[in-house]
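# Overview (structure and organization)
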Amino acid sequence: MVALHGGLVAGEDAEKTPAKVWSSEMHGGLVTVEDVGEGDLLVMDKETGSMKWIPRHVNIDDHVTVVKLDPNMESSDKFVEDFISDLSKSPVESTKPLWDLHILNIRTSEAEGTCVFRFHHSLGDGVSLMNLLLACTRKTSDPKALPTLPGNTKKSSATEISSLWSRLGVLWNSFVALVMFLLTALFLEDTKTPIKGSKGVEHRPRRFVIKSVSFDDIKLVKNSMNVTINDVVLGVTQAGLYRYLHRRYCERDDIECRNIPDNIRLRSTLFFNLRSTTKIEDVMDTNRHGTWGNKIGYALHPFKIGPKKDPLDYVRDAKTVMGRKKASLEPLFTYFFANLVLKLFGIKALMIHVVSYVDKLTFVLSADEETIPNPHELCNDLEDSLRIIKASVCSSHTILKE
């Protein structure tokens, strides 16, 4: 499910039917849903018993809905949040192509309006669907040209092997990752903490919340520490989880605020884009399918939950771990065993997605309401952790200058 926040139609356009709004916003229907395969229906072949895609005409009014707004709502932010969470409780209808769009023409603290796209994962992963959305647009400077992204002609972060030493490093990192994967699957379980989901977590309602932070702050830490954006985000996430867990343990103790237990085992699953390029491709070119479908690998990452004397150590630890994961074949291995990975590690109590747009970086949390009843507090902990890490970077630079 993808939520887009931005300016929506108003005035005369607001009176159009959903189909007309969709058509006008997509530049007069330059690309239709049939062109990109979103008009296909997944059905079972009676002869073979396997699932297959069959073409089907799309009635846009069956998929696009303008949500009726409550005129007496107390908070527009809460209304949008509740709507998305309620939408996640109902499955995508299998009697029609597996997607729908919901338009909420209401101003929130984040944007002038919100569109919620809901797709079945069989249509593609997050990268594929975002590229699909962008491929339905054109440049304002050249109405016939696809949009371009910074660095979209570069190769992805796939393992680069340029020397014998690096090859040995890749083999060693891959061997260690495979052993840890098997040990985790067979023996190692997460430590029981307040954020460990109980049995049946995948079937319980989830709450979706967001928190936007300054992308400039992220880049400041990145440039100062000579790391990547992902390293900073992962470090901030580890620090935020520690702050959140510390408070949960304090709330649970009526007499004295206890520290978090040592040696907590908290595994996370990181996603890797396996495409050779992130370039936006023309969806009408049937000979090129480089960015479409599901092409993601997984890597297991053990979070180090605990206090740090130097907040920058969270980022340093993240850089070390991510360097090993990138220099291994673990994501490629798990790509071919995706069903096993999902069966073993499936949907957990907490999922954190991160997306950057212009000058903001947004954390999107999907939390099991029973295990994490206060996800907004976790969002605040992530924001506070970034603030502390940024302050440490600025302080270090001040000392060096002196």
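Reading the values: rules and limits
Residues numbered from 1 in each chain as written. Predicted model: local features only at pLDDT ≥ 70, side-chain atom pairs only at ≥ 80, totals over all residues. Heavy atoms only, no water. Helix = DSSP H or I, 4+ residues; strand = E, 2+ residues; numbered from the N terminus. Buried < 20%, exposed > 50% of the residue type's maximum accessible area, 1.4 Å probe, protein only. Areas by Shrake-Rupley, 256 points an atom, 1.4 Å probe, with all protein chains shown as cover. Polar contact = N/O pair within 3.5 Å; in protein donor to acceptor, adjacent residues only side chain to side chain. UniProt positions renumbered as here; feature names shortened; annotations may be inferred. Pairing = 2+ DSSP bridges. Phe/Tyr/Trp six-rings, centres within 6.5 Å; stacked < 30°, edge-to-face > 60°. Lys NZ or Arg CZ within 6 Å of the ring centre and 35° of its normal. pLDDT = per-residue confidence, 0-100. Contact = heavy atoms within 4.5 Å. Axes fitted to C-alpha atoms, helices over the stretch in contact; angles between N-to-C directions. Salt bridge = Lys/Arg side-chain N within 4 Å of Asp/Glu carboxyl O.

What follows deals with the overall build of the protein chain. Scanning the protein chain from terminus to terminus reveals 10 helices and 11 strands. Taken across its 402 residues, the protein chain has 41% of its residues classed as buried. For the protein chain, the accessible area works out to roughly 23200 Å², and carbon and sulfur atoms hold 56% of it.

Here we come to helix α3 (residues 126–135). Of the residues making up α3, those classed as buried are Ser128, Leu129, Asn131, Leu132, Leu133 and Ala135. For α3, the N-terminal cap is aspartate 125; the gap from its side-chain oxygen to the backbone nitrogen of serine 128 is 2.9 Å.

Before going further, it helps to examine the UniProt feature "transmembrane region" (unreviewed entry) in the protein chain. Residues given the UniProt feature "transmembrane region" (unreviewed entry) here are residues 164–188 and 332–355. Helix makes up 92% of residues 164–188 and strand 0%. Its end C-alpha atoms lie 33 Å apart.

Glancing now at the pairing of strand β11 (residues 360–368). Burial runs high along β11: 7 of the 9 residues are buried. Note that strand β7 (residues 206–214) and β11 share 9 bridges and pair antiparallel. Directly across from serine 212, in β11, lies its bridge partner threonine 362. Sheet analysis places strand β10 (residues 350–357) next to β11, joined by 8 bridges and oriented antiparallel. Bridge assignment links valine 354 to a residue of β11, and that residue is phenylalanine 363. Once β10 ends, the chain turns through 2 residues before running back antiparallel as β11, passing valine 358 with a positive phi of about 55°.

Applying the stated rule across the entire model yields 3 aromatic pairs. Look at tryptophan 172 and phenylalanine 175: their rings are 6.0 Å apart centre to centre, the planes differ by 35°, and that puts the pair in the tilted class. Within this pair, tryptophan 172 and its partner phenylalanine 175 are both found in helix α4 (residues 164–186), separated by 3 residues, close to a single helical turn. The lysine or arginine in question, lysine 308, covers the ring of tyrosine 314, its NZ or CZ lying 5.8 Å from the ring centre.

Looking at the protein chain, pLDDT values average 78 and 76% of them are 70 or higher. Confidence over residues 6–37 falls short of pLDDT 50; this stretch has 52 contacts with residues more than four positions distant or in other chains.

The strand order across the open sheet built from 3 strands is β7-β11-β10, with neighbouring strands paired in antiparallel fashion. Bordering the open sheet on either side are β7 and β10, each of which pairs with just one other strand. Averaged over all pairs of adjacent strands, the angle between their axes in this sheet comes to 20°, without regard to strand direction. Most of the contacts of helix α5 (residues 215–225) go to β7, to which it runs at about 65°, and overall it touches β7, β10 and β11.

Okay, the pattern of salt bridges next. Under the definition given, this model contains 23 salt bridges. Glutamate 377 is the salt-bridge partner of arginine 247, the closest N and O atoms lying 3.1 Å from each other. Remark: glutamate 377 occurs in helix α10 (residues 375–401) and arginine 247 occurs in helix α6 (residues 229–252); sequence separation between them is 130 residues. For glutamate 377, a relative accessible area of 29% translates into the label partly exposed. Where salt bridges share partners, they join Arg243, Arg247, Glu377, Asp381, Asp384 and Arg387 into one cluster.

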